[in-house]
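# Tertiary structure, described
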Amino acid sequence: MLNAKNVERDSNFELLRIVAMLMIIGHHLALYGAPCDDPSYISPNILLCQFIQGGGKLGDNIFILITGYFSITTDKVNYLKIYRLWKQMVFFMLVDYFIAAAAGYTSFSFLSFLSCLFPMMTGQYGFVTGYVTLLLFVPYLNRLLQSLSFREYGVFLISYFLVYGLLPSLGFAWVVGFSNIIWFVFIYSMGALFKLYGSKFCRSAKQYGLHALFWLFLTVSAVLIIDLVNTHFPPLWFDLTQFYNLYSLNIILLSADLFLFFAKKPPFQNKTINWLSSSTLAIYLFHENSNMRKCLWGILGLSRFLNRWYFSVLTVLAILGIFIVSILLDKLRLFLFESPAIHARENAAYNAVSQRISGVLSSNLNGTKASGFHFRKCETAGFLFIF
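The structure reproduced in this document is the subject of the present report. Note that this is a predicted model, so its numbers are computed, not measured. (Residues numbered from 1 in each chain as written. Predicted model: local features only at pLDDT ≥ 70, side-chain atom pairs only at ≥ 80, totals over all residues. Heavy atoms only, no water.)

### As for the environment of phenylalanine 186
Note the threshold: Where helices and strands are cited, they refer to DSSP runs of H or I of at least four residues and of E of at least two residues respectively, numbered from the N terminus. Type-normalised accessible area, obtained with a 1.4 Å probe on protein chains alone, sets the label of each residue: buried when under 20%, exposed when over 50%, and partly exposed for intermediate values. Residues count as neighbours in contact if any of their non-hydrogen atoms are within 4.5 Å of one another.
Tracing the backbone through its elements, the reader meets phenylalanine 186 in helix α9 (residues 180–196). A residue is classified by how much of its surface remains accessible, and phenylalanine 186, at 4% relative accessible area, is buried. Along the sequence, phenylalanine 186 and leucine 65 sit 121 residues apart, while their C-alpha atoms lie 9.4 Å from each other. Among residues more than four places away in sequence, those in contact with phenylalanine 186 are Leu157, Tyr160, Phe161 and Ile252.

### With respect to the side chain of aspartate 257
Worth spelling out the cut-off: His is not counted, nor are the chain ends; Lys and Arg add positive charge and Asp and Glu add negative charge. Salt bridge, as used here: a side-chain nitrogen of Lys or Arg that lies within 4 Å of a carboxyl oxygen of Asp or Glu.
On the secondary structure map, aspartate 257 appears in helix α11 (residues 249–263). Buried and unpaired, aspartate 257 has no salt bridge, with arginine 203 as the nearest side chain of opposite charge at 6.9 Å. When sequence neighbours within four positions are dropped, the list of residues in contact with aspartate 257 reads Tyr208, His211, Ala212 and Trp215.

### Quick word on the packing of aromatic side chains
Any pair of aromatic rings gets described here by the distance separating the centres and the angle formed by the planes. Threshold: Stacked, tilted and edge-to-face are the three classes applied to pairs of Phe, Tyr and Trp rings, where Trp contributes its six-membered ring and a pair requires centres within 6.5 Å; stacked means planes under 30 degrees apart, edge-to-face means over 60, and tilted covers the rest. Look at NZ for Lys and CZ for Arg. If either is within 6 Å of the ring centre and within 35 degrees of the ring normal, a charge sits over the ring.
As enumerated under the stated definition, the model contains 30 aromatic pairs in all. An aromatic cluster of three or more residues is present, and its members are Phe156, Tyr160, Phe161, Tyr164, Trp183, Phe186 and Tyr247. The lysine or arginine in question, lysine 200, covers the ring of phenylalanine 150, its NZ or CZ lying 5.1 Å from the ring centre. Here the basic side chain of arginine 293 rests over the ring of tyrosine 32, its NZ or CZ set 4.8 Å away from the ring centre.

### Here's the deal with the side chain of aspartate 96
Our working definition: Pairing of N or O atoms within 3.5 Å defines a polar contact, subject to two protein rules: one partner must be a possible hydrogen donor and the other a possible acceptor, and residues neighboring in sequence count only if both atoms are side-chain atoms.
Checked against the element boundaries, aspartate 96 lands in helix α4 (residues 79–102). We note that aspartate 96 is buried and unpaired, the nearest opposite charge coming from arginine 293 at a distance of 9.4 Å. Of the polar contacts made by the side chain of aspartate 96, one reaches the side chain of asparagine 289; its length is 2.5 Å. The residues touching aspartate 96, leaving out its near neighbours within four places in the chain, are Tyr125, Leu285, Phe286, Asn289, Asn291 and Met292.

### Some details on the pattern of salt bridges
Applying the stated criterion across every chain yields a total of eight salt bridges. Note that arginine 333 is salt-bridged to glutamate 338, the shortest N-O span being 3.3 Å. Side by side, arginine 333 and glutamate 338 carry an identical accessibility label, which is buried. Taken together, the shared-partner salt bridges in this structure form one network comprising Arg84, Lys87, Asp330, Arg333, Glu338 and Glu346.

### What to know about a nonpolar patch on the surface
Spelled out, the test is: Patch membership requires more than 30% relative accessible area and the absence of a salt bridge. Residues of like charge join within 9 Å; the nonpolar side chains Val, Leu, Ile, Met, Phe, Trp and Tyr join within 5 Å. In these tables, accessible area is a Shrake-Rupley quantity obtained with a 1.4 Å probe, and a residue counts as shielded only by the protein chains included in the view.
A cluster of nonpolar side chains, namely Phe98, Phe108, Phe110, Leu111, Phe113, Leu114, Phe118 and Met121, defines an oily patch on the protein surface of about 900 Å² accessible area. With four residues, helix α5 (residues 110–115) is the largest single contributor of residues to the nonpolar patch. With respect to the secondary-structure elements, leucine 114 resides in helix α5.

### A closer look at the packing of helix α6 (residues 126–146) against α9
Quick reminder of the rule: In this description, a line fitted to the C-alpha atoms serves as the axis of each element, helices being fitted only across the stretch in contact, and the angle between N-to-C directions of two axes falls anywhere from 0 to 180 degrees. Oblique is the label for every angle not falling under 35 degrees (roughly parallel), over 145 degrees (roughly antiparallel), or within 65 to 115 degrees (roughly perpendicular). For any pair of crossing helices, the crossing counts as left-handed if the nearer helix is rotated counterclockwise from the farther one by less than a right angle, and right-handed if it is rotated clockwise. Under the convention adopted here, Pro, Cys and the residues Ala, Val, Leu, Ile, Met, Phe, Trp and Tyr are nonpolar, Asp, Glu, Lys and Arg are charged, and Gly plus all remaining residues are polar.
Put simply, α6 and α9 touch, their axes get as near as 9 Å, and they point 50° apart. The angle between α6 and α9 places the two elements in the oblique class. The hand of the α6/α9 crossing is right-handed. On α9, the residues touching Gly126, Phe127, Gly130, Tyr131, Thr133, Leu134, Val138, Leu141, Asn142, Leu145 and Gln146 of α6 are Asn180, Ile181, Phe184, Val185, Tyr188, Ser189, Ala192 and Leu196. Split by residue class, the contact of α6 with α9 holds 12 nonpolar, seven polar and no charged.

### Topic: the packing of helix α1 (residues 11–33) against helix α2 (residues 44–53)
At a minimum axis distance of 7 Å, the contact between α1 and α2 shows a crossing angle of 130°. Taken as axis vectors, α1 and α2 run oblique relative to one another. α1 and α2 meet at a crossing whose hand is left-handed. Within the contact between the two elements, α1 uses Met23, Gly26, His27, Leu29, Ala30 and Leu31 and α2 uses Cys49, Ile52 and Gln53. Residues that form the contact of α1 with α2 fall into these classes: six nonpolar, three polar and no charged.

Shown next, in the form of structure tokens:
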């Protein structure tokens, strides 16, 4: 999900990132822009909102699957990448804050401005906070996963799902202490499995595509049936979001099959797709924090058109508009604050600080090393540099 400048990346995965982010925008539109939680009636527009609302968690899972697939060979934490991710978050927090203040959706204050500098600590970006936490543990998680046989890997995933997937689905998330990072470990491990044991998943892209369509059909059918039950038998009301959660079995299997559909297609490179995909994270950062959420959906006011025939057209235009504006803002950010010269200075500063801290740690930990307790000095230094 982090920005990539390598134009040689397989555009299949870059296209998948774009599709996933479009689904995430649609999810937020249905959740905040045009809520459709009134069980008293059904209309085509309400069904549309219900369907696109399910795409957000699907998109989240896909991004983590991609991370697991490409990061399973990583053996150290890239703190400089995390630092640049923090810079990107701060940029969009500040942009959104000033836009929302100018539009009258929030007021200027020093504390509000200061909170923009610490987006993860203030709970603005739940997904990215979990994602960064995952990145900090990726090298150590990789060592565990690489040590497992295929059978052990299967037992690990099944056991993990029973505890952190099935129990929350039954309403017992509070028992196991469910959180984003806990779930990301599971999805990351699935993505890593597809990379480590790719030969075990030998079906064609067409077959995985058909499997994905089957799970999509099953999900849509379940939503329609539940809508009918909720409308005609209110006492038996069911919560539709049980089919839209990160840990819903249908969402997990749909995520996996959709990922494998793109993974099994012949590789290709497309500069336009890769250029757009390199800013997919920016789309999330721009439209999904408390300031922009109130401002954006308040200005669009899509809920006013929920009963109009052209609501679906407005929905598509809104999703594409958010996508395009976010991409352009991120390209401007890259031009202003992520030039090669700036990166060169950051790299030099990071290396200098890391070497100095490593030297201090080396002198202080010699006795500890002699007793058999080892630290990875460069990673400890990097951690202190960033945090």
